[in-house]
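# Survey of secondary and tertiary structure
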Amino acid sequence: MPILRSAFIALSRNASLRRFSEQSSLGRAMSSRFVAGMQVDDVLCAAESIHAQGIAATLDSLGENVSTPEEARHSADIYHRLLDAIHQRGLNANVSVKLTQMGMDLGHDLAEQIVSELVQHAVTVNSFVRVDMEGSEYTQATIDMVRRLHAQPGNQGHVGIVIQAYLHRSAQDIATLTADGIRIRLCKGAYKEPPSVAFPDKRDVDGNFVKLTQMLLTSGIYHGIATHDEEMIAATKRIVRQKGIGPKTFEFQMLYGVRRDLQKSLIQEGFNVRVYVPFGTEWYPYFMRRLAERPANVLFIARNMLKK
Ligand code: FDA
């Protein structure tokens, strides 16, 4: 399985396959399992139907590593439209953004200016901007930027971050961020990292995930525990029971199209659940990372397509 995981991660960076897949109707049909359509209206429809099930959403306009400031600003415009639409429709939803899509590779100041405008917009419509975490070359800069944005007057509670349990450094980062009162989404981590920065062994990642979950749930801040792993969910529930933590003082988070059965059962048990809903034409790298997490999804998608 680790070989398949690496193969899918390598494919996620293959430019020709990406071009071909994103333009083909077969590619788009395959991606629809994990991607809620190509347009803003598609993702809003998905968020409405999720909302009707009592589940919250975070909307992600797909795209990474833009190459001009205009592209970065265009990406941000889509998020401004989303924040307005969420507000107008009264949806229980917020947005998730990637710094490389906001121009991080072109200049940290450019990305910070663009994200700062998004956070200010989120403040005016009482929403929230989650800054996703990308590869480890961006970790420190992402943390520094989110801390600066969160420290701006009025921004508290309107901008948050993601921490990855596979990184050796994450306990220290959580201590720093929670001391600032910053909301964190904890996930395992989806990028290819060397053993010098990340645990290579799933057992160690899982052990760290549980340790970090305990730090988050006892911090008094509203955080997100993002996983589909039943063992991690069971461990979270154990911590909740042992520490007498209220089920509404944090949320479970899952990806669109993954383990809908678990999403529903957690809601029925009285927990908050938020689903990460990606959309847009640049779906290929995201889709390949989902296949890397569970190569059996290839068979699952193929079977569903044959049924149609
Ligand atoms: P793990 O991969 O160990 O899988 C455990 C079990 O969960 C599997 O055996 C299977 O049953 C189920 N499962 C997992 N993935 C599945 C899939 N794709 N399809 C079907 N079943 C699946 N990463 C990152 O680096 N930066 C980020 O900002 C984010 N943001 C983020 C937001 C949200 C809401 C989620 C849920 C995840 C992320 N991630 C992320 C991705 C995350 O790091 C991780 O790669 C995936 O969540 C998979 O890890 P699991 O914890 O689900 O467990």
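This write-up is about the structure you can find in this document. Only a predicted model underlies this, so the values are computations on that prediction, with no experimental measurement involved.

## Regarding the packing of helix α7 (residues 139-151) against helix α8 (residues 170-179)
Following both chains from N to C, one finds α7 and α8 inclined at 10°, their axes separated by 11 Å at the closest point. As far as their axial angle goes, α8 and α7 are roughly parallel. Contact residues: α7 offers Thr139, Ile143 and Arg147, while α8 offers Asp173, Thr176 and Leu177. When the residues that make up the contact of α7 with α8 are grouped by side-chain class, the tally is 2 nonpolar, 2 polar and 2 charged.

## Regarding the site of the ligand
Around the ligand there are 24 residues in total, and Lys188, Gly189, Thr227, His228 and Glu293 lie nearest to it. One of the side-chain nitrogen or oxygen atoms of His228 is found 2.8 Å away from an oxygen atom of the ligand. A distance of 3.4 Å separates a nitrogen atom of the ligand from a polar backbone atom of Arg290. If the ligand stood free it would expose 920 Å²; the protein chains cover 86% of that surface. Listing elements by their share of the shell around the ligand, those giving two or more residues are β4 (159-164), β5 (183-187), β7 (251-255) and α12 (284-293). At 3 residues, the largest contribution of residues to the shell around the ligand is made by β7. Here the shell around the ligand is built from residues that sort into 10 nonpolar, 6 polar and 8 charged.

## Some points on the packing of aromatic side chains
Applying the stated rule across the entire model yields 7 aromatic pairs. Ring centres of Trp283 and Phe287 lie 5.6 Å apart, and the angle between their planes is 85°; this geometry places the pair in the edge-to-face category. Accessibility classification places Trp283 together with Phe287 in one group, the buried group. The ring of Tyr286 carries Arg290 above its face, with NZ or CZ at 4.4 Å from the centroid.

Here is what the cut-offs are and how they apply
- Residues numbered from 1 in each chain as written.
- Predicted model: local features only at pLDDT ≥ 70, side-chain atom pairs only at ≥ 80, totals over all residues.
- Heavy atoms only, no water.
- Axes fitted to C-alpha atoms, helices over the stretch in contact; angles between N-to-C directions.
- Helix = DSSP H or I, 4+ residues; strand = E, 2+ residues; numbered from the N terminus.
- Parallel < 35°, antiparallel > 145°, perpendicular 65-115°, else oblique.
- Contact = heavy atoms within 4.5 Å.
- Nonpolar A, V, L, I, M, F, W, Y, C, P; charged D, E, K, R; others polar.
- Near = heavy atom within 4 Å.
- Polar contact = N/O pair within 3.5 Å; in protein donor to acceptor, adjacent residues only side chain to side chain.
- Areas by Shrake-Rupley, 256 points an atom, 1.4 Å probe, with all protein chains shown as cover.
- Phe/Tyr/Trp six-rings, centres within 6.5 Å; stacked < 30°, edge-to-face > 60°.
- Buried < 20%, exposed > 50% of the residue type's maximum accessible area, 1.4 Å probe, protein only.
- Lys NZ or Arg CZ within 6 Å of the ring centre and 35° of its normal.

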